[in-house]
Amino acid sequence: MATHLIAGGSAGMCEALACHPLDTIKVRMQLSRRHRAPGAKRKGFFTIGKEIVKNETPLGLYKGLGAVVTGIVPKMAIRFSSFEFYKSLAKKDPEAGRIAPTAVFLSGLAAGATEAIAVVTPMEVIKIRLQAQHHSMADPLDIPRYRNAAHAAYTVVREEGFGTLYRGVTLTALRQSTNQAVNFTAYTYFKQWALKYQSHLEELPSYQHMLLGLVSGAMGPLSNAPIDTIKTRLQRSLAKPGESALTRIVYITREMFQHEGFRAFYQGITPRIMRVAPGQAVTFMVYEYIRGLMESLAVPQKEDATYRE
């Protein structure tokens with residue numbers, strides 16, 4: 001378990017540093033209607049990216065990174081360790097010597113829900129609040145509402161209550177569950193097939209882990225983009241007294257469909273895939289490398305519950 005915690009946490013740190021700018025652009029695209037004049041053309045991925053760099057300096061692309069770094073190490077540690085734990089509960093097929101595909105899928109589903117409740121939801125509420133600010137980081141007189149992740153968390157809790165940090169937890173859990181179910185299932189079986197057709201290898205080289213992670217990582221966002229867009233708008237909005245989360249979700253969904261059309265639910269899908277897919281490529285490559293390194297230094301065990309199954 002310690003191996004999965006350390007390897008997963010290290011992989012998460014590398015992913016955050018490499019891919020955060022793409023996430024900032026994705027969030028701005030998903031929130032773009034709030035800052036668009038009636039009838040104005042939608043802004044694309046590169047347009048929004050250039051505007052952030054021009055108006056807020058390149059550091060603007062890293063807004064919210066503090067919240068991500070604070071949360072992503074425990075997130076990835078929880079993701080991989082809980083996936084292995086849930087997978088260990090499943091019975092292996094005596095003939096095939098491995099657990100069924102359904103069990104892998106359900107283990108990923110449970111792992112995604114676990115990380116969403118434990119870390120991801122509060123982390124994303126703070127991250128989105130920071131990313132939504134249009135201030136220049138080069139101008140000391142341009143003082144934002146939230147100065148950093150810690151200040152944002154303090155302000156949100158003080159003004160809106162602790163429960164605001166868990167706004168959208170249902171949608172976040174649904175998104176993370178479907179993401180990790182698809183991601184882990186695809187990666188596990190892609191790796192098995194790769195090892196099968198390269199029988200001379202005991203373990204895949206790092207570049208193949210990276211490529212498999214890239215492909216499996218792109219599958220999740222395509223399956224749940226509307227959930228992510230609604231979640232982002234929900235977490236960006238301020239709390240209203242007496243309004244339930246379900247009421248707010250229904251209102252946001254109806255407003256998006258009536259005023260922006262079906263395409264609005266897929267706003268930000270390009271940067272999200274560009275963020276998630278490379279992120280998973282980095283994550284799995286670093287995870288497999290560190291896990292392999294730690295296992296080579298450890299005392300050999302009789303049973304290995306990792307992706308070699």
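It should be emphasised that the depicted structure is a prediction, and the values quoted were computed from it without experimental measurement.

Draft legend 1. Inspection of the overall build of the protein chain at higher detail. Across its full length, the protein chain carries 9 helices and 0 strands. If you list the helices and strands of the protein chain from N to C, you get α-α-α-α-α-α-α-α-α. Buried positions account for 51% of the 309 residues belonging to the protein chain. Within the protein chain, contacts between residues separated by at least 24 positions form 81% of all contacts whose residues are at least 6 apart in sequence. Summing over all exposed atoms, the protein chain offers an accessible surface of approximately 15000 Å²; the carbon and sulfur share of this is 65%.

Draft legend 2. Up close: the pattern of salt bridges. Applying the stated criterion across every chain, the model contains 21 salt bridges. Residues R233 and E260 are paired through a salt bridge, measuring 2.8 Å at the closest nitrogen-oxygen approach. Taken together, the residues R233 in helix α7 (residues 206-236) and E260 in helix α8 (residues 245-260) connect sequence positions 27 residues apart. Both residues of the pair, R233 and E260, belong to the buried class. One connected set of salt bridges, linked through shared partners, spans D23, K26, E124, K127, R175, D228, K231 and R272.

Draft legend 3. Representation of the packing of aromatic side chains within the structure. Inspection of every chain in the model, using the stated rule, returns 12 aromatic pairs. Centre to centre, the rings of F45 and F46 are 4.9 Å apart; their planes meet at 75°, and the pair counts as edge-to-face. Using a relative accessible area of 11% as the deciding quantity, one classes F45 as buried. Linked through ring pairs, F80, F83, F184, Y187, F284 and Y287 together constitute an aromatic cluster.

Draft legend 4. Highlighting the packing of helix α3 (residues 65-88) against helix α6 (residues 169-196). Running from amino to carboxyl end, α3 crosses α6 at an angle of 65°, the nearest separation of the two axes being 12 Å. What the angle tells us is that α3 and α6 run roughly perpendicular. Between α3 and α6 lies a crossing of right-handed hand. Side by side, α3 and α6 meet where R79, F80 and F83 of the first sit next to Q176, Q180, F184 and T188 of the second. For the contact of α3 with α6, the per-class residue count stands at 3 nonpolar, 3 polar and 1 charged.

Draft legend 5. Local environment of the side chain of K127. Positionally, K127 belongs in helix α4 (residues 101-131). For K127, a relative accessible area of 4% puts it in the buried group. Dropping the residues within four chain positions of it, K127 is found in contact with H20, D23, V27, G64, A67 and V68.

Draft legend 6. Structural detail: unusual backbone geometry. If you check the backbone angles, T57 has positive phi at about 70° while not being a glycine. Mapping T57 onto the fold places it in the loop between α2 (45-56) and α3.

Draft legend 7. Region of the structure containing the environment of A116. Along the chain, A116 falls in helix α4. The exposure class assigned to A116 is buried, which follows from its relative accessible area of 0%. Sequence-wise, A116 and A173 are 57 residues apart; in three dimensions their C-alpha atoms are separated by 5.0 Å. Those residues in contact with A116, other than ones at most four positions away along the chain, are T121, T172, A173 and Q176.

Draft legend 8. The packing of helix α1 (residues 2-30) against α4, seen in detail. In contact at an axis separation of 10 Å, α1 and α4 are set at 75° when each is read in the N-to-C sense. One finds that α1 runs roughly perpendicular with respect to α4. Contact residues: H20, D23, T24, V27 and R28 in α1; K127, I128 and Q131 in α4. Residues belonging to the contact of α1 with α4 are distributed by class as follows: 2 nonpolar, 3 polar and 3 charged.

What counts and what doesn't
Residues numbered from 1 in each chain as written. Predicted model: local features only at pLDDT ≥ 70, side-chain atom pairs only at ≥ 80, totals over all residues. Heavy atoms only, no water. Helix = DSSP H or I, 4+ residues; strand = E, 2+ residues; numbered from the N terminus. Buried < 20%, exposed > 50% of the residue type's maximum accessible area, 1.4 Å probe, protein only. Contact = heavy atoms within 4.5 Å. Areas by Shrake-Rupley, 256 points an atom, 1.4 Å probe, with all protein chains shown as cover. Salt bridge = Lys/Arg side-chain N within 4 Å of Asp/Glu carboxyl O. Phe/Tyr/Trp six-rings, centres within 6.5 Å; stacked < 30°, edge-to-face > 60°. Axes fitted to C-alpha atoms, helices over the stretch in contact; angles between N-to-C directions. Parallel < 35°, antiparallel > 145°, perpendicular 65-115°, else oblique. Left-handed = near helix turned anticlockwise from the far one by under 90°. Nonpolar A, V, L, I, M, F, W, Y, C, P; charged D, E, K, R; others polar.

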